[in-house]
Amino acid sequence: MSSRSCLTPPLGALQVPARSPQAARSNIWVSLVIPTYNESKNIAGLISQLTVLLDRRLPGEYELIVVDDNSPDRTWAVAQQAMADYPQLQVMRREGEKGLSTAVIRGWQAAQGEILGVIDGDLQHPPEVLLNLLTAMHQGADLAVASRHVVGGGVSEWSIVRRFLSRGAQVLGLLILPSVVGRVSDPMSGYFLLRRDVIADRRLNPLGYKILLEVLGRGNIGQIAEVGYVFQERQAGESKVSWRQYVDYLLHLGRLRSRGRISHLRHTYGVPIQRFIRFGLVGLSGVFIDMGMLYLLSDPAMLGWGLTRSKIIASETAILNNFLWNDRWTFGDIARQQKGWAKRVKRFLKFNLICLAGLILNVLLLNLLYNWVGLNRYLANLIAILAVTLWNFWLNLKLSWRVTDIQEPKIKR
Ligand code: GDD
Ligand code: MN
């Protein structure tokens, strides 16, 4: 057992203090928290890999802080044992409190660094990506997030169902709390670095698993960088995720929403105005196509087909038109970074899927306004189209072209 003592879990409010003068005099610049629960088979390997990387990049200027919730498999003991061999390693064993998000904050509270971070303890987050995150922080980011959904990112062997669930949670998040969830491409990430100032002296109150939501929702964040990474398969131990985490996620969003009014306003002004105008103009061109087609197909003087069937064909033609223009113009800068037909088709399929969901809404609204309210069919159509435009813009911005307010770090690996 090491002669160095373990960190005592801080008590009281979940609030990270500003850097103490004493800590500022230390050499520690980066403090990386590793939350663990039953990771005894993974923790030693992770510590050794991180140490190799960081000894090269930041010799003596970092600390690794394992925060273990008194794991039955004695992860804490394994980590404590390792302290003798790894001078930059600290261990905190919590016996009272439990839970991933609070573990991370307790670790940050005891940390000395100006840069705070977190990485999973199960090797599902590739350690070498940390170097890119550090580079982004060096270049002035306030927050650098490892993301599965930017260039270089992905998941290794996830089933369609799992991907769908993960994306579903994200879409739900975008609907409940767009100003927070929409700021990054991977709001579920548990692998990121931030400047201590971002959260210093702010009262945190997380729930469940997603600590990044708390940072995004309550922190004072200017520049965000995202770095791609591939989520690895677990080699040892078990995931702690259950249905409970989905419930916590929604409750957490609700909690952040009810207090997020100010930051909501601030971020609303960060709405991509120019893109929205372009999207709107493209949408307008689609309206003419939609209207024209609806006239050709459904008007009694023309083909005289049924209203619903005509509307579906009219809209699908408009969707194709809109995609081509949006991919060229509205999101042209993004599209040019994602070259190739395969990616283009993928963007089109997503665009189509989102618009199709919008179309169902559109058809329902049209029928409602025409048959029940008794509006003229063209006016009814116009109102339905306007309502669905907003839905289309937001979801396509975030999912098809994946625009986040990041500054892409220029990283050569
Ligand atoms: N201290 C502590 N207390 N650590 C915990 C607890 C807890 O109650 N629950 C989980 N952990 C630790 C695990 O030991 C692991 O190191 C890490 O937190 C992630 O837990 P997993 O159970 O492996 O989660 P995952 O594989 O589904 O990962 C997903 O969630 C992570 C956390 O938000 C992904 O979205 C990751 O990207 C994300 O980092
Ligand atoms: Mn995991």
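Scroll up for the structure.
Remember, it's a predicted structure, so these values are computed and weren't measured experimentally. (Residues numbered from 1 in each chain as written. Chains lettered and ligands numbered in written order. Predicted model: local features only at pLDDT ≥ 70, side-chain atom pairs only at ≥ 80, totals over all residues. Heavy atoms only, no water.)

**Student:** Just checking my understanding: could you explain the sheet that holds strand β5 (residues 143–147) for this structure?
**Tutor:** What holds strands together in a sheet is hydrogen bonding between their backbones, with the strands either parallel or antiparallel. Read across the sheet, seven strands follow the order β3-β2-β1-β4-β7-β5-β8 without closing on themselves; strand pairing throughout is mixed. Edge positions in the sheet fall to β3 (89–93) and β8 (224–228), since each of these pairs with one other strand and no more. Taking the axes of each pair of neighbouring strands and ignoring which way they run, one obtains an average angle of 20 degrees across the sheet. In this structure, strand β2 (residues 62–68) lies alongside β3, joined through five bridges in parallel fashion. Within β3, the position partnered with D68 by the bridge is R93. Set on the sheet, helix α3 (residues 75–82) makes contact with β1 (30–36), β2 and β3; between it and β3 the angle comes to about 155 degrees. (Pairing = 2+ DSSP bridges. Helix = DSSP H or I, 4+ residues; strand = E, 2+ residues; numbered from the N terminus. Axes fitted to C-alpha atoms, helices over the stretch in contact; angles between N-to-C directions. Contact = heavy atoms within 4.5 Å.)

**Student:** Sorry, what's going on with the pairing of β1 here?
**Tutor:** Burial of β1 is extensive: seven of the seven residues sit out of reach of the surface. On β1, burial covers both faces: V30, L32, I34 and T36 on one face and S31, V33 and P35 on the other are all buried. Where β1 meets β2, seven bridges bridge the pair, whose relative direction is parallel. Bridging across to β2, I34 finds its partner in V66. This β-α-β element, β1 to helix α2 (residues 43–57) to β2, shows right-handed connectivity. Taken together, the four bridges between β1 and strand β4 (residues 115–118) define a ladder with parallel strand orientation. (Buried < 20%, exposed > 50% of the residue type's maximum accessible area, 1.4 Å probe, protein only. Right-handed = clockwise from strand over helix to strand, strands pointing away.)

**Student:** How do you make sense of the site of ligand 1 when you look at a structure like this?
**Tutor:** As a matter of local geometry, ligand 1 sits amid 24 residues, with E39, D69, G121, D122 and K240 nearest to it. At 3.0 Å from an oxygen atom of ligand 1 is found a side-chain nitrogen or oxygen belonging to K210. One of the side-chain N or O atoms of S239 is found 3.3 Å from an oxygen atom in ligand 1. Contact with the protein chains removes 93% of the 730 Å² of surface that ligand 1 exposes when unbound. Mapped by element, the contributors of at least two residues to the shell around ligand 1 are β1 and α4 (100–109). Within the shell around ligand 1, the residues separate by chemical class into ten nonpolar, seven polar and seven charged. (Near = heavy atom within 4 Å. Polar contact = N/O pair within 3.5 Å; in protein donor to acceptor, adjacent residues only side chain to side chain. Areas by Shrake-Rupley, 256 points an atom, 1.4 Å probe, with all protein chains shown as cover. Nonpolar A, V, L, I, M, F, W, Y, C, P; charged D, E, K, R; others polar.)

**Student:** Teacher, can you tell me more about the packing of aromatic side chains here?
**Tutor:** Any pair of aromatic rings gets described here by the distance separating the centres and the angle formed by the planes. Within the structure shown, the criterion is met by twelve aromatic pairs. Ring geometry for Y229 against F231: centres 6.4 Å apart, planes inclined by 70 degrees, an arrangement best described as edge-to-face. You'll find Y229 and F231 in the same group, each marked buried. Relative to W401, the ring of F351 lies with its centre 5.7 Å away and its plane at 70 degrees, an arrangement referred to as edge-to-face. (Phe/Tyr/Trp six-rings, centres within 6.5 Å; stacked < 30°, edge-to-face > 60°.)

**Student:** I'm lost on the pattern of salt bridges in this one. Help?
**Tutor:** Side chains carrying opposite charge are able to pair once their charged atoms draw close together. Counted by the stated rule, this structure contains 16 salt bridges. Measuring nitrogen to oxygen at the nearest pair gives 2.8 Å for the salt bridge that ties D69 to R94. On the criterion of sequence distance, the pair formed by D69 in the loop between β2 and α3 and R94 in the loop between β3 and α4 is long-range, its members being 25 residues apart. For the pair D69 and R94, a shared accessibility class is recorded, and that class is buried. Across the salt bridge formed by D186 and R148, the nearest N and O atoms sit 2.9 Å from each other. With D186 in the loop between α7 (178–181) and β7 (192–195) and R148 in the loop between β5 and β6 (154–155), the pair connects residues that are 38 residues apart, well separated along the chain. We note that D186, like R148, is buried. (Salt bridge = Lys/Arg side-chain N within 4 Å of Asp/Glu carboxyl O.)

**Student:** What am I meant to see in the environment of L397 here?
**Tutor:** Relative to the elements of secondary structure, L397 occurs in helix α15 (residues 377–400). For the pair L397 and A13, spaced 384 residues apart in sequence, the C-alpha to C-alpha distance is 37 Å. Setting aside anything within four residues of it in sequence, one finds L397 in contact with P272, R275, F331, R402 and V403.

**Student:** What's the story with the nonpolar core in this structure? I'm lost.
**Tutor:** Most often, soluble globular proteins have nonpolar side chains that are buried together. Grouped together as the largest cluster of nonpolar side chains are 40 residues, with contacts concentrated most on W108, L143, F192, L194, I199, V215 and L216. Looking at this core, the element that brings in the most residues is helix α8 (residues 211–218), giving five residues. I34, Y62, A82 and L193 belong to the second-largest nonpolar core, a separate cluster that totals 37 residues. (Core = buried A, V, L, I, M, F, W, Y, C linked by side-chain atoms within 4.5 Å.)

**Student:** How should the coordination of the manganese ion (ligand 2) be read in this particular structure?
**Tutor:** Four donors placed tetrahedrally around a metal ideally meet at 109.5 degrees, and six donors placed octahedrally ideally meet at 90 or 180 degrees. Distances from the manganese ion (ligand 2) to its protein donors, namely D122 (OD) and Q124 (OE1), fall within the range 1.9 to 2.0 Å. Of the residues examined, D122 reaches a relative accessible area of 5% and is grouped as buried. (Donors = N, O, S within 2.8 Å, 3.2 Å for Na, K, Ca; no water.)

**Student:** It is not clear to me how unusual backbone geometry should be interpreted in this structure. Could you clarify?
**Tutor:** The general pattern is negative phi for most residues beyond glycine and trans for most peptide bonds. Here the phi dihedral of L123 falls at roughly 65 degrees; this positive angle occurs in a residue that is not glycine. As for its position among the elements, L123 is in the loop between β4 and α5 (129–138). Owing to a relative accessible area of 25%, L123 belongs among the partly exposed residues under this scheme. With a phi angle near 65 degrees, D201 is a residue other than glycine that sits in the positive phi range. In this structure, D201 sits in the loop between β7 and α8.

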